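Remarks on the overall topology
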Amino acid sequence: MLLTGPSGIGKSALLAELGSAAPLPEDRVLRVSGSESERWIAWSAAADLLRRLPPTRAADLPDAHRAAMDAILLRDGVPAGSPQPAAGPGGQIREPDPHAARLALHELLHRHLRTGPALLLVDDLPRVDAESAALIAYAVRRLGDAGLGCVCTAPPGTRPLPGGVDVPVPALSSEDLAELLAPFTLPARAANSVHADSGGNPYLALSLAAAAVTDRAEGTRSVGYPCPRPLPPALHAVIAQRLDELPERTRATLLAAALAAAPTVELLERAGHDTAERDVATASAAGLLVRADGGIRFTPPAVAAVLVHTATAEQRARGHRALATAVPHAAGRVRHEALASPERTQGRSLAATAETALRSGARALAAELFLLAADRTSDAEGGERFEWCAAAAEAGAAESLPQIVHRAADTVLAADSHRAHRVRVRLALADLSSQALACMDEMLAGALEDAQGDPGLTARVRLRLAWARMVGGDAPGSREEAVAAAELARSVADRGTEALALTVQAVTHRVTGRPEEARRALAAALTPPAPVPEGLLPLSPRFYAARFAFFDDRLTASRTELLRMLSQVERGRGDELVLVLRCLAEVCVRMGRCRDALHYAHRAGRVARECGTSPGPTWYTRAVAELAGGSLGRATAFAERGVRASEQEQDAIHLGRCLHVLGQAQLLAGEPAKAVRTLERVREGERRGGLTAPLVLRWHGDLALGLARLGRAAEAAGVIAEARAALAREGRPEGAVAAQLLRAEALATAVEGDPQRAVEMLETARWRFAALGQPLEEGQCLLVVSRLERRRRRRAAAQRAAEEARELLAACEARPWTEQADRAVRRCETGGGRGTAAAPPSGAVAELAVLTAAEARIAVLVGAGASNREVAARLFLSAKTVEGTLTRIYRKLGVRSRTQLCSLFSRRSDAAPTPPG
């Protein structure tokens, strides 16, 4: 086997772990390593291998074989192990006979294998000297059947030994990398950026994480937004070494990719690099770049900087001139011409081209051109220069380009610039923070100070303060700031800012349970229509019109509008694109389009990781999509990571959402006690923030369901009554949330001993979900029906409900729920599952009469010999609940231990009916 991959991917670590984990004695694992400094020393690796073999294996070797072995080991053959070198006439070192050496090693290994199999590990095969490599290949080729296994490591493109297979070592997933970086205690956003920048390469990730830790210790970074990091010298050396190992032609192609604003293979081919496809594949195998959505992204991005900085000025100019003829749009041509011939371009012409690019939606290109225009403008023209810097910062923030935003902001804030420019770059820095806006109080305070006396500027700052309050969980404070922002904007006829402030007011009304006020505020924001400032789609009335449709279960209307927005924003790569993709994923989950949901969620996560936006929201969406159509384990992991990220960024909105989906995953995993604790955190958070809208974050039915499963029916009834009262105040007593509450009430009713009424309630809830076009919710109702019917010994009805649920959920590709339906069907077919425990002996019925139905079920199972864990699994309870219930059972039955309880049942032998419930 040949483990291949770029340097730093973990080949050597994997090889070492393989040797440690092999079920062989230490002397059966033979290790050889190659190195650049020793690859020119003939037979050096073979000598290492021979020294690792027991000396007894060399007894009675033919003279020619022993002579070859002694020559490799540079020793005199007369006594074995002598430190004296083997010398020929005149004191010259004898060269081993290659053929005799091959036969000698073959014989030694063959003797070694007579006592059992062995594993040969060769690290860095291409750096093993040629003579030793030929020797090892000869032995491996002939001794595989005798029990010799061989695993080598090598860079991509290395040919495996004869009969071997090439196994590429994959990059680490984001989950694995998070575990690797745990000791660094990085903020979630920084860890997410490290994963994107490293491409999952462990060495690169550890180097970048160490640099980030150093930056934090020196106070040069902020949690609120990502700052561009200088490349650590050691990492720069690794990148330079990788580039040096590439053919000259490949390096030239990569330089062109580094000079391009949005490199693709097609663009490189048009620029004259006919072998671009092959060159990109070579660089990808070397771990220098990845390809995604047809584009090329360097890993880490600093590879591009190393390429550019190590090229000569003439090479860069030649590359830009070639790209100027290849790019498909005029703004791109202007950019390359300006970079190829700086003396021929002026700031004003570049700024005009930037305006054109901005109008066409090419914000990243516009940001770069604005900054280039500012660089080409003298200090004497400071007004224009700062204007272009502010424009670059705004466009860069919309596209999540921290390097451009910080460069522009530093230029403006370090100079005696106009306050309007200062406010604009400060707001751009705040916008760059994404969901960490609540952490940007210092930046927003500076912007408010700069804006003093200017109502238009103050309105824009108060708008950000309003959203910062909302993200921080202060809905009343958010509404106050939004009202003030709208009034200030109206006073200066700034319709765009006024519309956004009215939208924030609508959101605060909606989450505090005042839907009519929300509709009026949103209508005022929509009419008359106003242009949305760059990057502020998340606050636009159009977006929240689609979002409110989602809250109101008008799913088709919401999806249609989101798809229209997607067509407008998918040219970009910032928060706007991530937001639309995330919302599409959530709508698709509710509509039962699980494959689409996973696609949109995965894409949103990748874009967020690449552009460094807040990870909490995308991890929430990934959890929702995985819970619907992917993996329960991944859903739980994403939810837990989302909780941590949202706590770090003080994002109360997504903290509650991540806790909600975590609670749902815990319910599905059969952990109702954990789920209840998690969902109670959601309830406490909403109460602190004054949020009372069950239609927005729909945790109420899940909390009630968990309480009912724990036997806490009265508490479940309280949650249901509170939520129904809130729905009545909103004028929405029917709908999906009401159906969720009815489903939870049905389970509580069954726990209280009325399963027939519970089944009737579930049928009502099921048809409500069907009418709303929410098949996942409908399937869940059927699964609860199946469970209740099994308890009632109505196996045929239980099986019908389970099979119908399975068919419905499978059509949605809802994998976790389909698996649960499969288990329900199997339980019905085999007669197993909850409610099918063996009946207690007749003499035990009197004792069971003093127990509740739930206690009796547990007593029967424990009396039959089941462990607490087995009881918990069969009755869908937690082990702690079973343990606490057993304590009450012991007290009521007058027994002191599990053994006495089993004896109580074993003394009776006559059959009896199943206990109540």
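Residues numbered from 1 in each chain as written. Predicted model: local features only at pLDDT ≥ 70, side-chain atom pairs only at ≥ 80, totals over all residues. Heavy atoms only, no water.

Attention shifts here to helix H22 (residues 455–471). With 17 residues, H22 ought to run about 24 Å at 1.5 Å a step, and its terminal C-alpha atoms sit 24 Å apart, in line with that. The element H22 is largely enclosed, with a buried count of 13 among its 17 residues. Here H22 starts with a cap whose side-chain oxygen sits 3.0 Å from the backbone nitrogen of Gly 456, and that cap is Asp 454. (Helix = DSSP H or I, 4+ residues; strand = E, 2+ residues; numbered from the N terminus. Expected span 1.5 Å × (residues − 1). Buried < 20%, exposed > 50% of the residue type's maximum accessible area, 1.4 Å probe, protein only. Polar contact = N/O pair within 3.5 Å; in protein donor to acceptor, adjacent residues only side chain to side chain.)

On to the confidence of the model for the chain. With 92% of its residues at a pLDDT of 70 or more, the chain has an overall mean of 86. Predicted confidence is poor over residues 77–91, with pLDDT under 50, and the contacts of this stretch with residues over four places away or in other chains come to 24 contacts. Every residue in residues 833–839 scores below 50 in pLDDT, and together they form 22 contacts with partners more than four places removed in sequence or on other chains. (pLDDT = per-residue confidence, 0-100. Contact = heavy atoms within 4.5 Å.)

What follows deals with the pairing of strand S3 (residues 118–123). For S3, a buried count of six out of six residues is recorded, marking the element as mostly surrounded by other parts of the structure. Burial along S3 is two-sided: Ala 118, Leu 120 and Val 122 facing one way and Leu 119, Leu 121 and Asp 123 facing the other are all buried. Two strands pair when backbone bridges link them, and S3 and strand S4 (residues 148–154) are joined in this way by five bridges, in the parallel orientation. Residue pairing in the sheet places Ala 118 in a bridge with Leu 148 of S4. (Pairing = 2+ DSSP bridges.)

A few words now on the nonpolar core. Counting 177 residues, the largest nonpolar core has Phe 370, Trp 467, Phe 543, Leu 562, Leu 776, Leu 788 and Leu 809 as its most contacted members. It is helix H28 (residues 575–591) that provides the largest number of residues to this core, a total of 12 residues. When neighbours within four sequence positions are excluded, Phe 370 is seen to be in contact with Ala 351, Ala 354, Glu 355, Leu 358, Trp 388, Ala 391 and Ala 392. If you look at the next biggest cluster of nonpolar residues, it comprises 43 residues, including Leu 208, Ala 256, Val 265 and Leu 323. (Core = buried A, V, L, I, M, F, W, Y, C linked by side-chain atoms within 4.5 Å.)

The next point concerns the sheet that holds S3. Taken together, the five strands give an open sheet; going across it, the order is S2-S3-S4-S1-S5, and neighbouring strands pair in parallel fashion. A single partner strand is all that each edge strand has here, and the edge strands are strand S2 (29–33) and strand S5 (166–168). Averaged over all pairs of adjacent strands, the angle between strand axes in this sheet comes to 20°, irrespective of strand direction. Alignment of S2 against S3, held across five bridges, turns out to be parallel. (Axes fitted to C-alpha atoms, helices over the stretch in contact; angles between N-to-C directions.)

One pass over the full model with this rule turns up five aromatic pairs. Taking the centre distance of 6.0 Å and the plane angle of 65° together, the rings of Tyr 544 and Phe 548 count as edge-to-face. Of this pair, Tyr 544 and Phe 548 both sit in helix H26 (residues 541–551), separated by four residues, roughly a single helical turn. Here Tyr 544 and Phe 548 have matching classes, each one buried. Sitting above the plane of the Tyr 138 ring, Arg 142 keeps its charged end 3.8 Å from the centroid. (Phe/Tyr/Trp six-rings, centres within 6.5 Å; stacked < 30°, edge-to-face > 60°. Lys NZ or Arg CZ within 6 Å of the ring centre and 35° of its normal.)

Let us look at the environment of Cys 389. With respect to the helices, strands and loops of the structure, Cys 389 is situated in helix H18 (residues 382–398). Residue Cys 389 is classed as buried on the basis of its relative accessible area of 1%. Aside from chain neighbours lying at most four places away, what touches Cys 389 is Ala 374, Ala 408, Thr 411 and Val 412.

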